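Coordinates in review
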Amino acid sequence: MARDISATPERPGPAEVPDHPERRRGADRPDRVDAAFGEVQEPYARRLDRPAQPGGDTPRETIRRFDPERAGLDPITHDEADRYVRDHAGDRPSLGHSQFVGPDTRRVLAAVDRGNGHALERHGSTVTPEMTENRVTRLEDPAIAENRTPGRDAFKSGTHACGDSATRIRDPHAFATCFAQGVEHPDVRASLDRPCGRGERPPPSVRVPLTDLLGPDGHQYCDGHRIEPVEGSREAAYERRAAWVGAVREGRDPDVPEPTARHLEADDFRDARVVFAFRPNTDRSAWEISTMYVDPVRRDQQ
Amino acid sequence: MDDRYWQQDPDAPFATLLDLVETYCHPEAYDEAYDDFKVAVHLPERDPIFDRFKEQLAEAIRDPSQVPVDALLRAAVYPDGSAEKFLTRLWRDLYPGEPLPTG
């Protein structure tokens, strides 16, 4: 079920991640977290003991009981997660923040990263604003560690694709909480529990209010970019993007202007939905979460 | 507000078309989704929903004016420039050798 890491040759060689008890304990210490993720007003690590919903479980409880197998992922112990991060943090930038988080959060991030999906690589906290902008305008894949080029996909030979926006959850604790909470959400469970096999179509994507998973100010942990329409048309914007990327990939000078995007700030994520999409696992015996991303409501829809 | 009305109302016009297009063609669909789609529509043991899909796709190609373009664009984020071009490409990819449905 786990991804074959050797199949992503774009990544440079592994780097050392120190395995020290202090690293484990330091994860949820606010000073350490502030230093790593200071751009967020209140690091989510500081609120792991506050229920996202009145009377509900705390994020820490949800993360602690996270069961990878319920998400269609391979089981992983804390020690295995530590080892996975230590062995792959250098060649998998998506794991870059995993050394700053606690063991329970690290186990969630490692389990997600080992799976077949791309939620962490494309929508996790190590994705930068520049990467979301370049993804939505130039179809550059954030999952490629270095030398991203327009249209190149980290995992398939065809052209990389993107919707009308590219977003991230910019705090690793918030990302892990969102994923772990999502796996327990009844709508997500109904999809994951569907029979999987030859002839079975994947469950439709599920859209869960962000506030249900991260609490009423969950939007504070999100940002991204949305492609600008062309003369008021999103259809024309997608066509222009494809034409621009196609020309660059073929080494031609594009005959259309480079697409542009608008930065999506935290406030744009009020009323946002978290989208969970599904795929068959490696042996097609169960459904797995193929991606999880935050989809802000467009103002023209509200 | 969630605008994926086809998920809430399977009897809405072209709901099956929109549902499967979003599942298999949306940019955030899994890597092999489009290839799986091409296989799934031809499996002998396929879900009957794939036959409803084919009927709705044919209906949409025959009369593109009936297609809810905004919903289709939301479901597929197609780069083709028009719903008509996207639907035609989809038919040719899924049912190669079968003529395009006409009036």
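Conventions we followed
- Residues numbered from 1 in each chain as written.
- Chains lettered and ligands numbered in written order.
- Predicted model: local features only at pLDDT ≥ 70, side-chain atom pairs only at ≥ 80, totals over all residues.
- Heavy atoms only, no water.
- Helix = DSSP H or I, 4+ residues; strand = E, 2+ residues; numbered from the N terminus.
- Buried < 20%, exposed > 50% of the residue type's maximum accessible area, 1.4 Å probe, protein only.
- Contact = heavy atoms within 4.5 Å.
- Areas by Shrake-Rupley, 256 points an atom, 1.4 Å probe, with all protein chains shown as cover.
- Lys, Arg positive; Asp, Glu negative; His and termini not counted.
- Charge placed at Lys NZ, Arg CZ, Asp CG, Glu CD.
- pLDDT = per-residue confidence, 0-100.
- Phe/Tyr/Trp six-rings, centres within 6.5 Å; stacked < 30°, edge-to-face > 60°.
- Buried area = accessible area lost by both parts, 1.4 Å probe.
- Polar contact = N/O pair within 3.5 Å; in protein donor to acceptor, adjacent residues only side chain to side chain.
- Nonpolar A, V, L, I, M, F, W, Y, C, P; charged D, E, K, R; others polar.
- Salt bridge = Lys/Arg side-chain N within 4 Å of Asp/Glu carboxyl O.
- Pairing = 2+ DSSP bridges.
- Core = buried A, V, L, I, M, F, W, Y, C linked by side-chain atoms within 4.5 Å.

Regarding its fold elements, chain B presents 6 helices and 0 strands. Each of the three principal axes of chain B carries a C-alpha extent, and together these read 40 × 30 × 25 Å. In chain B, which comprises 103 residues, the share counted as buried stands at 54%. Contacts spanning at least 24 positions in sequence make up 62% of the contacts within chain B whose residues lie at least 6 apart. Entry remark: accessible area of chain B is about 4,700 Å², with carbon and sulfur atoms responsible for 50%. Placing the 10 positive and 22 negative side-chain charges of chain B at their respective mean positions leaves the two points 6 Å apart.

Per-residue confidence for chain A gives a mean pLDDT of 87; residues scoring 70 or more make up 85%. A low-confidence stretch, residues 4-36 of chain A (pLDDT under 50), is modelled with 70 contacts involving residues beyond four sequence positions or located in other chains.

Counted according to the given criterion, the structure contains 8 aromatic pairs over all chains. Summarising the aromatic geometry, the rings of Tyr-44 of chain A and Tyr-221 of chain A are spaced 5.1 Å apart at their centres and angled 85° between planes, so their arrangement reads as edge-to-face. Here the residue Tyr-44 of chain A occupies a position in the loop between helix 2 (30-37) and helix 3 (59-64), and Tyr-221 of chain A occupies one in the loop between helix 10 (210-214) and strand 3 (222-227), the gap between them amounting to 177 residues. For the pair Tyr-78 of chain B and Phe-86 of chain B, a centre-to-centre distance of 5.1 Å together with 10° between the ring planes defines the contact as stacked. Here Tyr-78 of chain B matches Phe-86 of chain B in class, with each residue buried. In this structure an aromatic cluster arises from ring pairing among Tyr-24, Phe-37, Phe-50 and Phe-53 of chain B.

The subject of this paragraph is the interface of chain A and chain B. Taken together, the contact pairs 34 residues of chain A with 34 residues of chain B. Together chain A and chain B conceal approximately 2,900 Å² of surface at their shared face, both sides included; 46% is due to carbon and sulfur atoms. Across the chain A-chain B interface, the total number found is 9 residue pairs in polar contact (both at pLDDT 80 or more). Within the residue set of the side of chain A that touches chain B, elements represented by two or more residues are helix 11 (234-249), strand 5 (273-280) and strand 6 (287-295) of chain A. A per-element tally of the side of chain A that touches chain B places helix 11 of chain A first, with 6 residues. Residues belonging to the side of chain A that touches chain B are distributed by class as follows: 11 nonpolar, 8 polar and 15 charged.

To continue, consider the pattern of salt bridges. All names here are of chain A. Scanning all chains against the criterion turns up 33 salt bridges over all chains. With a shortest N-O distance of 2.7 Å, Asp-49 and Arg-60 are connected by a salt bridge. Pair noted here: Asp-49 is in the loop between helix 2 and helix 3 and Arg-60 is in helix 3, with a separation of 11 residues, a long-range link. A salt bridge links Glu-250 to Arg-252, with the shortest nitrogen-to-oxygen separation between them at 2.9 Å. The exposure class assigned to Arg-252 is partly exposed, which follows from its relative accessible area of 42%. Among the charged side chains, a network of salt bridges with common partners joins Asp-57, Arg-65 and Glu-184.

Here the focus is the environment of Thr-159 of chain A. All names here are of chain A. Structurally, Thr-159 is set in the loop between helix 7 (129-138) and strand 1 (165-169). Considered as a pair, Thr-159 and Leu-139 are 20 residues apart in the sequence and their alpha carbons are 8.2 Å apart. With sequence-adjacent residues up to four places away left out, Thr-159 is seen in contact with Leu-139, Gly-151, Val-245 and Arg-249. Side-chain polar atoms of Thr-159 contact the side chain of Arg-249, separated by 2.8 Å.

Glancing now at unusual backbone geometry. In this structure, Asp-271 of chain A takes a positive phi of about 70° despite not being glycine. Here Asp-271 of chain A lies in the loop between strand 4 (261-264) and strand 5.

Residue and element names in this part refer to chain A. In terms of residue burial, strand 5 counts as a mostly covered element, since 8 of its 8 residues are buried. Of the two faces of strand 5, the one lined by Arg-273, Val-275, Ala-277 and Arg-279 and the one lined by Val-274, Phe-276, Phe-278 and Pro-280 are each fully buried. The loop that links strand 5 with its antiparallel partner strand 6 comprises 6 residues; one of these, Arg-284, has a positive phi angle of about 55°.

Turning next to the nonpolar core. Counting residues in hydrophobic clusters, the biggest one holds 49 residues, and the most contacted among them are Val-21, Phe-37 and Phe-53 of chain B. Those elements giving two or more residues to this core turn out to be helix 11 of chain A together with helix 2 (15-25), helix 3 (33-40), helix 4 (49-62), helix 5 (69-76) and helix 6 (83-94) of chain B. Counting residues in hydrophobic clusters, the runner-up holds 48 residues, among them Ala-71, Ile-76, Tyr-84 and Leu-264 of chain A.

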